[in-house]
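Remarks on the overall topology
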Amino acid sequence: MNPALNEPIDTGYQRPRDPAEIWLARQWQDILGFAVGIRENFFGVGGNSLDAARVTDAVMVEFGVQLPLNVVTEHPTVERLATLLRDYAGSLSGPLVAIQDGDGTRPPLFLVHPDHGQVGPYCGLAHALGEDFAVFGIQAVGLYTDAEPRRTVPAIAAAYVDTVRAVCPTGPYLLGGCAIGAAIAYEMAALLDDVRLVAAIDHELLEPPGTGTVRRWQQPPGRSDLPRILASWQERDLVPHDVAPEFAARSLRVWQANQDAVRDWRPSPYTGPVDVFGLPPAMALPVTAVQRIHECSTDGRLADALRELLG
Amino acid sequence: MVLSVRRRIADTARAEPDRTALVGFGTDLGQQVMSWREFADRVADAADALGAALDRRTRSCAVVLAGNTLPAAIGIAAALTAEVPVFPLNPGTPPAERDALLGLLGRRFGHGYLMDAQLRPQRMDLPAGPEPPAAAEGPGQLNTVAYLLATGASTGIPKISARPGPLRYDPARTPSVVIRQAGWRSGQRQLIVGPLYHAAPFSAFLDALLDSNTVVLQPFFSAQWTVELVRRYAIEWLQLTPAHMREILRLPDPDPAGFASLRAMLHTAARCDADTKRGWIDLLGPERVFELYGATEGIGVTLVRGDEWLARPGTVGRGFLTQIRILDDAGHPIPPGTTGTVFMRTPQRIGRSDYVNGRAIRTTLDGFATVGDHGRLDRDGYLYLEPRDHDTINVGGEKVDPDEVEAALRDHPAVIDAVAVAVPHQTLGSVVAAHIVLRPGASVRKAELAAHCGRRLAGYKIPKHFTFVDQVPRSAAGKIQRWRLAPYHQNGATPP
């Protein structure tokens, strides 16, 4: 009984784009046993009706919503099923976003959002690292609610340290991020004991330019024409087609706050090493920190190099 | 009085025109109810359309896309009414497997008629097999087969078994005595959970058709929905597989009161573990739990009720109108308590299936036959089955041939070798796991391998686990040694 099999199933890995898709992709990975892109067909990769019932059960437990029993049959991809969850996904607006559960044998990797505040780009890295690795994203406050973004790196880092301690009260801690995410990870390292990794990751390694459609976030455009900006993001597959219209305004506000924060940042003392993957971040990391450069000419090499450090 | 299907359906519709014959659910899950009068009319119309379309110069069969829907139920009934052999096809069958099945049909039939959703027969040319189908010599030739079922039987290799026909209603034999012994009553309300293209739900549907049941068709399995349908329609008779049973027991607090209307639950299709069996005996009480063992081939059956099972845990029961003989490898009978190959013989051999593709059941000179299962009898004649000694993987009652899965995997450009084995699954009993050797330097996503298999194999055959290994164990002769990889044997035995 694979009623949805006539739809294309070989879409390759396409990463989730927002908290609802990330949450759903993680459930699918748990249920199916391997990572699945957001446009891959649930039944086409071996999901059966029992597995589909597990998905609706998980939705019930997380959101308290009873979806129709045939909902996965009718919406057999993460992308399509997520459209039904966005209205209930308020609980996913917090900073902590579980991306991949891992096998529990090593501490999780916490990846702090880049300037635009989202953690979707880290999903591809988690996938490339492999399913054994636990990965959390930390997304900016104010993207999916009207909460006011924090405006200094130390304040942001202090809040995220609380977030991290809530799931991992003690170390060792593995931290990383792109752009401002690297600066925040550095500041978090200065606040935490037993930090094993601070990774500054060149965002071009996460989503290399020139691969298919341009999926990169460019510089924040001006706030002149929000609907047009949102449409162009949708066009470039950066956000779901049913994203809330206010997302553009929130996104620009977060973006601006992060750029202000990083411009005014004065790094705290931290003596541990910083591992730099690809080009060093635009903001100056303090000279007191030992920087270890990893060239990583391709995106696959990033995962390989990182995996070596994670052990 | 023995009656044709046409006559029997007409009689039921005349006696109780307004009673419900079928309850189904559309794609929106909206309830669709059909009375016996309406059902009989629709079946008669579709049967007439099929009869009119038939090319009587060649043997033909009807093919019905047999999801649990009203059109599928009507299509099957129409073909049986027209006395055209009917093949219920899994609508989710991928094209390659579908072609293989139609090829098997082509060995016996010249034309197939696909009953579409509007119940109009669409003629399709079947690929001609090695033996050209004989032209029909007369009307008698057409109805030598009542229906055909795809069955992996005990080997997992796709094949089709043919049931001699035409189907008839015989008050003494419809349904069979063993089914009546398992709590069946004429005119009962039955829920069909398993798909109509499977042997057990299909034959339960035929019996329901001929014995004036009200049938509720559950279009796909969900444990909580099954429980809800039993309660809502006051279902009296229910046939399940052990996988269904395990899923229902996993529900939080299944309420025995919800099953108050149920006279019997009969389970078939796969070995049932003791915990699941006891769970259902706790839920329904031992007198309402029945188990039937007997392959689709129709060489014999055993039946056991819950109270008998509690007295002899693990038994599949005694032969029902069936003699059982345990033979050693040389074909000699062996005494009770000793394990050997299970042979069975039943006087009702009229129902014995043969194989379209020439695969035979092993038989003794005096008419005992086996599908290769091993087991032993106790002194009172109760049968206990042993683990099966071949590599077939049983996924919730569906048989998977590991060779077929391995061939599909090796067809992927990144894969140079692959082994498929069974691994335990909480409710399905086991699922397929694959050990993969990749080409040097190649990499591939697990989901891509799964999707690759999904384009070639039915969904339940897609491996649920992939492990990348450097090499697969093979004997000196090159044969894969699956037992070296299996972390688990299907029946719990630990490999050496």
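Residues numbered from 1 in each chain as written. Chains lettered and ligands numbered in written order. Predicted model: local features only at pLDDT ≥ 70, side-chain atom pairs only at ≥ 80, totals over all residues.

1. Here's the deal with the overall build of chain A
A tally of helices and strands in chain A yields 11 helices and seven strands. Taken across its 311 residues, chain A has 48% of its residues classed as buried. Contacts in chain A between residues far apart in sequence, at least 24 positions, make up 68% of those at least 6 positions apart. (Helix = DSSP H or I, 4+ residues; strand = E, 2+ residues; numbered from the N terminus. Buried ≥ 20, exposed ≤ 12 C-beta atoms within 10 Å, placed from the backbone. Contact = placed C-beta atoms within 7 Å.)

2. Brief notes about the overall build of chain B
In terms of regular secondary structure, chain B is built from 13 helices and 29 strands. When burial is assessed residue by residue, chain B has 50% of its 496 residues classed as buried. In chain B, the share of contacts with a sequence separation of at least 24, taken over all contacts with a separation of at least 6, comes to 67%.

3. A closer look at the environment of Asp55 of chain B
All names here are of chain B. In this structure, Asp55 sits in the loop between helix 2 (36–53) and strand 4 (60–65). Overall, Asp55 belongs to the exposed group, with 12 C-beta atoms counted inside 10 Å. Sequence separation of Asp55 and Gly110 is 55 residues, and the distance between their C-alpha atoms is 9.5 Å. Setting aside residues up to four positions removed in sequence, Asp55 forms contacts with Ser60 and His111.

4. Some details on helix 7 (residues 180–191) of chain A
Residues and elements named next belong to chain A. Between its first and last C-alpha, helix 7 extends 17 Å over 12 residues, near the 16 Å set by a 1.5 Å rise per residue. Counting buried positions over the 12 residues of helix 7 gives 10, a clear majority of the element. Listed as buried for helix 7 are Ile180, Gly181, Ala182, Ala183, Ile184, Ala185, Tyr186, Glu187, Met188 and Ala189. (Expected span 1.5 Å × (residues − 1).)

5. Examining the sheet that holds strand 2 (residues 20–25) of chain B
Residues and elements named next belong to chain B. Across the sheet, which stays open at both edges, the nine strands sit in the order 3-2-12-11-13-14-15-16-17 with mixed pairing between neighbours. The open sheet is flanked by strand 3 (31–35) and strand 17 (318–319), the only strands paired with a single partner. Taken together, the two bridges between strand 16 (residues 302–305) and strand 17 define a ladder with antiparallel strand orientation. Looking across to strand 17, one finds that Thr302 is bridged to Gly319. Of the strands in this sheet, strand 2 and strand 3 touch helix 2, which is tilted by about 85 degrees from strand 3. Strands in contact with helix 3 (residues 70–82) are strand 2, strand 3 and strand 12 (214–217); relative to strand 2, the strand with the most contacts, it is inclined by about 135 degrees. (Pairing = 2+ DSSP bridges. Axes fitted to C-alpha atoms, helices over the stretch in contact; angles between N-to-C directions.)

6. Section: the packing of helix 6 (residues 153–167) of chain A against helix 7 of chain A
Between two packed helices, both the angle of their axes relative to each other and the distance between the axes serve to describe the pair. Residues and elements named next belong to chain A. Helix 7 packs onto helix 6 with a crossing angle of 65 degrees between their chain directions and a minimal axis gap of 8 Å. Judged by the sense of rotation from one axis to the other, the crossing of helix 6 with helix 7 is right-handed. Across the interface between the two elements, Val153, Pro154, Ile156, Ala157, Ala158, Tyr160 and Val161 of helix 6 pack against Ala183, Ile184, Glu187, Met188 and Leu191 of helix 7. Residues that form the contact of helix 6 with helix 7 fall into these classes: 11 nonpolar, no polar and one charged. (Left-handed = near helix turned anticlockwise from the far one by under 90°. Nonpolar A, V, L, I, M, F, W, Y, C, P; charged D, E, K, R; others polar.)

7. Here we look at the sheet that holds strand 5 (residues 195–201) of chain A
Residues and elements named next belong to chain A. The seven strands are arranged 1-3-2-4-5-6-7 in an open sheet whose pairing can be described as mixed. The sheet terminates laterally at strand 1 (96–100) and strand 7 (290–294), the two strands that pair on one side only. Direction aside, neighbouring strands of the sheet carry axes that sit 25 degrees apart on average. Sheet topology places strand 5 next to strand 6 (residues 273–277); three bridges connect them, and they run parallel. Directly across from Ala200, in strand 6, lies its bridge partner Val276. Taken strand by strand, helix 7 contacts strand 2 (109–112), strand 4 (173–178), strand 5 and strand 6, and its axis lies near 155 degrees from that of strand 4.

8. A word on the confidence of the model for chain A
For chain A, the mean per-residue pLDDT works out to 85, and 87% of the residues sit at or above 70. Confidence drops under pLDDT 50 across residues 1–10 of chain A; counting only partners more than four residues distant or on other chains, this segment forms 26 contacts. (pLDDT = per-residue confidence, 0-100.)

9. As for the environment of Trp28 of chain A
Residues and elements named next belong to chain A. Assignment of secondary structure puts Trp28 in helix 1 (residues 19–32). Sequence separation of Trp28 and Arg54 is 26 residues, and the distance between their C-alpha atoms is 9.2 Å. The residues contacting Trp28, other than those within four sequence positions of it, are Val36 and Val78.

10. Focus: the interface of chain B and chain A
Between chain B and chain A, the residue contacts involve 25 residues of the former and 24 residues of the latter. Of all the secondary structure elements, the ones that give two or more residues to the side of chain B that touches chain A are helix 8 (223–232), helix 13 (446–454) and strand 29 (465–468) of chain B. Top contributing element to the side of chain B that touches chain A by residue count: helix 13 of chain B, with five residues. For the side of chain B that touches chain A, the residue count by class is 14 nonpolar, seven polar and four charged.

11. Observations regarding the nonpolar core
All names here are of chain B. Formed by 226 residues in total, the largest nonpolar core has its most connected members in Val64 and Ala78. The biggest single contributor to this core is helix 3, with 10 residues. If sequence neighbours within four positions are ignored, Ala78 has contacts with Val43, Ala46, Ala47, Leu50, Met115 and Leu119. (Core = buried A, V, L, I, M, F, W, Y, C linked by C-beta atoms within 7 Å.)

12. Considerations on the packing of helix 1 (residues 5–15) of chain B against helix 3 of chain B
All names here are of chain B. Between helix 1 and helix 3, whose axes approach to 7 Å, the crossing angle comes to 125 degrees. Our classification of the angle between helix 1 and helix 3 gives oblique. Where helix 1 abuts helix 3, its residues Val5, Arg6 and Ile9 lie against Ala77, Leu80 and Thr81. Residues belonging to the contact of helix 1 with helix 3 are distributed by class as follows: four nonpolar, one polar and one charged. (Parallel < 35°, antiparallel > 145°, perpendicular 65-115°, else oblique.)

13. Considering helix 9 (residues 242–250) of chain B
Along an α-helix, residues three or four positions apart point the same way, because every turn accommodates 3.6 residues. Counting buried positions along helix 9 of chain B gives seven out of nine residues, so the element sits mostly inside the fold. Every buried residue of helix 9 of chain B is listed here: Pro242, Ala243, His244, Met245, Arg246, Glu247 and Ile248 of chain B. Against helix 2 (49–63) of chain A together with helix 8, strand 13 (237–240), strand 14 (264–267), helix 10 (274–284) and strand 28 (429–438) of chain B lie the buried residues of helix 9 of chain B.

14. Regarding unusual backbone geometry
Cis geometry marks the peptide bond from Gly171 of chain A to Pro172 of chain A; its omega dihedral reads 0 degrees. Mapped onto the fold, Pro172 of chain A is located in the loop between helix 6 and strand 4. In this structure, the amide linkage connecting Gly165 of chain B to the following residue, Pro166 of chain B, adopts the cis form with an omega of 0 degrees. Mapped onto the elements, Pro166 of chain B comes out in the loop between strand 9 (159–164) and strand 10 (168–169). Positive phi outside glycine occurs at Ala179 of chain A, with the angle close to 50 degrees. Relative to the helices and strands, Ala179 of chain A resides in the loop between strand 4 and helix 7. Of note in this structure, Glu83 of chain B is not a glycine but carries a positive phi near 60 degrees. Assessed through the 21 C-beta atoms surrounding it within 10 Å, Glu83 of chain B is described here as buried.

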